[in-house]
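Remarks on the overall topology
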Amino acid sequence: MYITQGRQGKIGMWKYLPIPILFMGMMALNYLAILLMEVDINAIIEEQIQSKGKNQFFAENMLIFVFLLAGLFFWVRYVHRQSIVSLTTSRKKIDWRRIFFIFTLMASFIIISTLVAYFITPGDYTINFQPIPFLILAGIAIVLVPIQTSFEEYLFRGYLMQGLGLAFKNKWIPLLLTSVLFGVMHAANPEVEKIGPIIMVYYIGTGLFLGIITLMDEGLELALGFHAANNLITVLLVTADWTALQTDSIFIDVSEASAGFEIILPVLIIFPIFLFILSKKYQWTDWKDKLFGNIPTHAISEEVTQI
């Protein structure tokens with residue numbers, strides 16, 4: 001059982017508190033500062049891009065996740081005394097084939113859907129391809145984007161999922177809480193201001209989807225591969241001047257942002273299709289217990305239950 005992998009280290013529940021409190025506290029302070037000071041995020045991003053260029057600005061924003069992921073791994077390894085493998089999966093070793101399978105699946109979907117959209121409504125896109133800036137972007141993105149997405153997965157679907165599961169002794173509360181917190185983490189993104197609160201349905205829905213595949217597959221591999229493909233292919237293929245990630249991508253989306261059906265399309269249609277494909281490939285069964293079942297008290301050591 002993936003959640004109970006968290007008991008493999010020397011852990012009291014208090015050790016689970018500093019990392020999420022610190023990270024979510026930073027996010028909350030940033031969001032409050034934006035609201036109270038009426039900061040124009042888009043203007044700041046535009047100014048930084050004009051000053052530094054898209055590639056440097058993008059790299060600087062991604063570099064912070066190198067330290068965040070390293071810090072999380074250090075805390076898990078040397079404070080919890082838990083192996084990174086047990087934080088990643090209930091299998092004996094990390095299944096890289098799972099990561100590459102869903103990465104390829106998601107990357108193919110993004111590329112095909114973007115090209116179809118371009119040929120149907122070419123006026124919504126401009127071709128932005130410049131060989132040298134794009135190659136620099138590709139080098140930066142291939143190295144740093146998987147680190148950024150891995151930090152988010154290890155924090156929410158790994159560290160918090162295991163910690164909350166051991167605390168509440170069930171699976172549905174960690175699934176819901178990590179999904180909501182994942183959405184809240186994106187509240188300060190310029191997309192929220194541009195499109196409106198409806199986009200939180202997409203963020204929370206994505207968190208829920210990633211949580212479901214983590215619990216059903218008893219490991220993070222599928223979530224890691226999906227998230228990496230989503231962010232990496234997007235920053236290379238198509239961005240817009242009102243998003244958090246503005247890059248020297250191949251296409252620039254110049255259409256007017258709107259809170260239409262396309263915002264909830266992935267949650268209602270695309271994610272269920274992915275769940276169907278993955279469930280058939282990996283022969284998932286017993287959905288009710290894996291998503292909503294309780295964690296037997298005998299599966300949790302006395303040390304874990306002491307707060």
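Scroll up to find the structure this text is about.
As a starting point, this report considers the structure included with it.

Analysis parameters
- Residues numbered from 1 in each chain as written.
- Predicted model: local features only at pLDDT ≥ 70, side-chain atom pairs only at ≥ 80, totals over all residues.
- Heavy atoms only, no water.
- Phe/Tyr/Trp six-rings, centres within 6.5 Å; stacked < 30°, edge-to-face > 60°.
- Helix = DSSP H or I, 4+ residues; strand = E, 2+ residues; numbered from the N terminus.
- Buried < 20%, exposed > 50% of the residue type's maximum accessible area, 1.4 Å probe, protein only.
- Lys NZ or Arg CZ within 6 Å of the ring centre and 35° of its normal.
- Pairing = 2+ DSSP bridges.
- Salt bridge = Lys/Arg side-chain N within 4 Å of Asp/Glu carboxyl O.

Bringing the packing of aromatic side chains into the picture now. Considering all chains together, one arrives at 22 aromatic pairs under this definition. Between the aromatic rings of Tyr-118 and Phe-251, the centroid separation amounts to 4.9 Å while the plane-to-plane angle is 40°, which identifies the pairing as tilted. Note that Tyr-118 is positioned in helix α5 (residues 96-120) and Phe-251 in strand β3 (residues 251-253), a separation of 133 residues in sequence. Pair check on accessibility: Tyr-118 and Phe-251 agree, each one buried. An aromatic cluster is present here, built from Phe-23, Phe-65, Phe-151, Phe-156 and Phe-182 joined pairwise through their rings. We note Arg-77 situated over the ring of Tyr-78; from NZ or CZ to the ring centre the distance is 5.8 Å.

This brings us to the sheet that holds β3. Reading across the sheet, the 3 strands line up as β1-β3-β2 and stay open at both edges, with mixed pairing between neighbours. Of all strands in the sheet, those with a lone pairing partner are β1 (125-127) and β2 (238-239), marking the two edges. Where β2 meets β3, 2 bridges bridge the pair, whose relative direction is parallel. If you follow Thr-239 over to β3, its bridge partner there is Ile-252.

A word on unusual backbone geometry. At Glu-218, a residue that is not glycine, the phi angle is positive and equals roughly 60°. Looking at the secondary structure, you find Glu-218 in the loop between α9 (199-217) and α10 (221-237). Overall, the relative accessible area of 18% leaves Glu-218 in the buried class. For Asp-286, which is not glycine, the phi torsion reads 55° and is therefore positive. With respect to the helices and strands, the residue Asp-286 is situated in the loop between α11 (261-281) and α12 (287-292).

Right, let's get into the pattern of salt bridges. Taken as a whole and judged by the stated rule, the model has 9 salt bridges. The salt bridge involving Glu-60 is made with Lys-52; its shortest N-O contact spans 2.7 Å. Overall, Lys-52 belongs to the partly exposed group, its relative accessible area being 31%. In this structure, Asp-95 and Arg-97 form a salt bridge, with 3.7 Å as the shortest nitrogen-oxygen distance. Classification of Asp-95 as buried rests on a relative accessible area of 13%. Looking at Arg-97, the relative accessible area reads 70%, which means it is exposed. Connected through shared salt-bridge partners, Arg-91, Asp-95, Arg-97, Arg-98, Asp-217 and Glu-221 make up one network.

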